[in-house]
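Understanding the architecture of this molecule
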Amino acid sequence: MPGLLMHRKKMTDKLTVAILGCEHCHIRGNSRLLASLSEAAVVGVWGRDEAYAKSVAAQFDAALWQTPDDIPPIDLALVTSDTRDHAMVLRALDGLASAVHMDKPLGLNSQDARRIATLAEPYADRFAVGFFLRLNPLFIELQARIAAGEIGTLKHLSMTFGHTGRLDGWLDDWPAFDDISRMGYGAFGDLVSHTIDAATLLAGRLTPVTCMLERRAGLSTDVGGAAIATSNSGVLVRFFASAEMQGPRLEVRADGTKGSLWLRGRTLGRYNHEGDPEILASGGWSQASDGPAALIAKLQGKPHAVYATAADGVYVNEVLDSFMAMAG
């Protein structure tokens, strides 16, 4: 069973980190984070994309592992592989890692996610799933204001999340996202997973109502879509996610019985009695590396945001599966 800092390292020693999988685009942000941390050392890299894995290993002067079975004991594994490889990587890590951060979604579908969650049980609260929207300080403040009753009883949420990956072509560099057999879902499922997690924190557990996907000729997966759900607290939640979306990457509108709050890009605000927007706070945008950063802070005994667990990952997969079934 993995044990926290299992090597009985001195507090001054660096955390040893393994990068497992180089197929998810979030490896870029994770690599930037690790390069900036003097207290962590990447000791090895594995990936099916051998050329990319080799370049990442060279960046950190780390070992290039031919298979996950080559992994030595480590403190932290950052998993940015195809989703289809998540279970295989966790089996290879058995007894070798103290903590694991696994990029989202947890599984190819809810059945796969439940198997992976079982494999993750020995890590307890040292296992994190990469839903990074929940870690944004502006979102955390939005959540606190709603919970404090600032807008009365929450009645409606509108959650929009996306990027321009299909418009400007950067997704072309990440072929895994064109193949649901590798990642489990198309653009809508990949992106809306963040807002499913976030909406649940704001409104409670969701019951999907309907879903529609948007497709483009020449692509085997969707480019986005829209969906509706209700929460167990009676909130109507609307989702829109797209890989062809210009403008702010994130927009959340929360309407209650006494007013409305909004989070748009890097700004949190509310609508006043005249219906005009007022800025409450400004900040930074969520980064894919926020999850690994939070888990590293936990391993170091530092304050950290509350990252998503394996149970959260299974739940998001279940909601996604319901939406996909409705979309047909």
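Here goes a summary of the coordinates provided. (Residues numbered from 1 in each chain as written. Predicted model: local features only at pLDDT ≥ 70, side-chain atom pairs only at ≥ 80, totals over all residues. Heavy atoms only, no water.)

1. Digging into the overall build of the protein
When you go through the protein residue by residue, the secondary structure sums to 10 helices and 14 strands. The globule rule puts the C-alpha radius of gyration for 328 residues at 20 Å, and the 20 Å found for the protein is close to it. Along the longest, intermediate and shortest principal axes, the C-alpha atoms of the protein span 60 × 45 × 35 Å. By the burial criterion, 55% of the 328 residues in the protein qualify as buried. The long-range share in the protein, meaning contacts at least 24 apart out of those at least 6 apart in sequence, stands at 71%. (Helix = DSSP H or I, 4+ residues; strand = E, 2+ residues; numbered from the N terminus. Rg over C-alpha atoms; globule rule 2.2 N^0.38 Å. Buried < 20%, exposed > 50% of the residue type's maximum accessible area, 1.4 Å probe, protein only. Contact = heavy atoms within 4.5 Å.)

2. Some points on unusual backbone geometry
The amide bond that connects Lys 104 to the next residue, Pro 105, takes the cis arrangement and shows omega of -5°. Secondary-structure assignment places Pro 105 in the loop between strand E5 (97-102) and helix H4 (110-120). Positioned with a positive phi, Asp 61 is a non-glycine residue whose angle comes to about 50°. In this fold, Asp 61 is placed in the loop between helix H2 (50-60) and strand E3 (63-64). Despite not being glycine, Ala 124 shows a phi value in the positive range, around 50°. Its place among the elements puts Ala 124 in the loop between H4 and strand E6 (127-129).

3. Focus: the pairing of strand E12 (residues 259-264)
When a strand is regular, its side chains alternate between the sheet's two faces. In the sheet, strand E11 (residues 250-256) pairs with E12 via six bridges, with the strands oriented antiparallel. Within E12, the position partnered with Asp 255 by the bridge is Ser 260. Relative to strand E13 (residues 267-271), E12 runs antiparallel, the two being bridged by five bridges. Bridge pairing in E13 places Arg 264 opposite Thr 267. (Pairing = 2+ DSSP bridges.)

4. Describing the sheet that holds E13
Strand order in the open sheet formed by eight strands is E8-E9-E10-E7-E11-E12-E13-E14, and the pairing between neighbours is mixed. Here the strands that pair on one side only, and so sit at the sheet edges, are strand E8 (206-214) and strand E14 (277-282). Strand-to-strand twist across the sheet, computed as the mean angle between neighbouring axes with direction ignored, equals 15°. Summarising the sheet, strand E7 (residues 154-162) and strand E10 (residues 236-242) pair through seven bridges and their orientation is parallel. Paired with Gly 162 across the bridge in E10 is Ser 242. (Axes fitted to C-alpha atoms, helices over the stretch in contact; angles between N-to-C directions.)

5. Focus on empty space enclosed by the protein
A full pass over the atoms with the stated rule returns one cavity of 30 Å³ or more. Contributing to the lining of the largest cavity are Pro 105, Phe 177, Met 183, Tyr 185, Gly 186, Ala 187 and Asp 190. Residue composition of the lining of the largest cavity, grouped by class: five nonpolar, one polar and one charged. (1 Å grid on protein atoms, 1.4 Å probe; cavity = no way out; pocket = protein on both sides within 12 Å on 5 of 7 lines; lining within 4 Å. Points joined across faces, edges and corners; volume = space filled by probe spheres on them. Nonpolar A, V, L, I, M, F, W, Y, C, P; charged D, E, K, R; others polar.)

6. Looking at the packing of helix H5 (residues 137-147) against helix H8 (residues 187-203)
Their axes nearest at 9 Å, the elements H5 and H8 cross at an angle of 25°. As summarised for this structure, H5 and H8 are arranged roughly parallel, according to the angle between their axes. Here Phe 139, Leu 142, Gln 143 and Ile 146 of H5 lie close against H8, whose contacting residues are Ala 198, Leu 201 and Leu 202. A breakdown of the residues in the contact of H5 with H8 according to their chemical character gives six nonpolar, one polar and no charged. (Parallel < 35°, antiparallel > 145°, perpendicular 65-115°, else oblique.)

7. Description of the environment of Ala 176
With respect to the helices and strands, Ala 176 occurs in the loop between helix H6 (165-168) and helix H7 (180-183). Ala 176 sits in the buried class, given a relative accessible area of 1%. Each C-alpha atom of the pair Ala 176 and Glu 23 lies 6.6 Å from the other, and the pair is 153 residues apart in sequence.

8. A closer look at the pattern of salt bridges
Considering all chains together, one arrives at 20 salt bridges under this definition. Note that Glu 39 is salt-bridged to Lys 302, the shortest N-O span being 4.0 Å. Here Lys 302 lies in the loop between helix H9 (290-299) and helix H10 (310-327) and Glu 39 lies in the loop between helix H1 (27-36) and strand E2 (40-46), a separation of 263 residues in the sequence. On the basis of relative accessible area, Glu 39 is assigned to the partly exposed category, the value being 26%. (Salt bridge = Lys/Arg side-chain N within 4 Å of Asp/Glu carboxyl O.)

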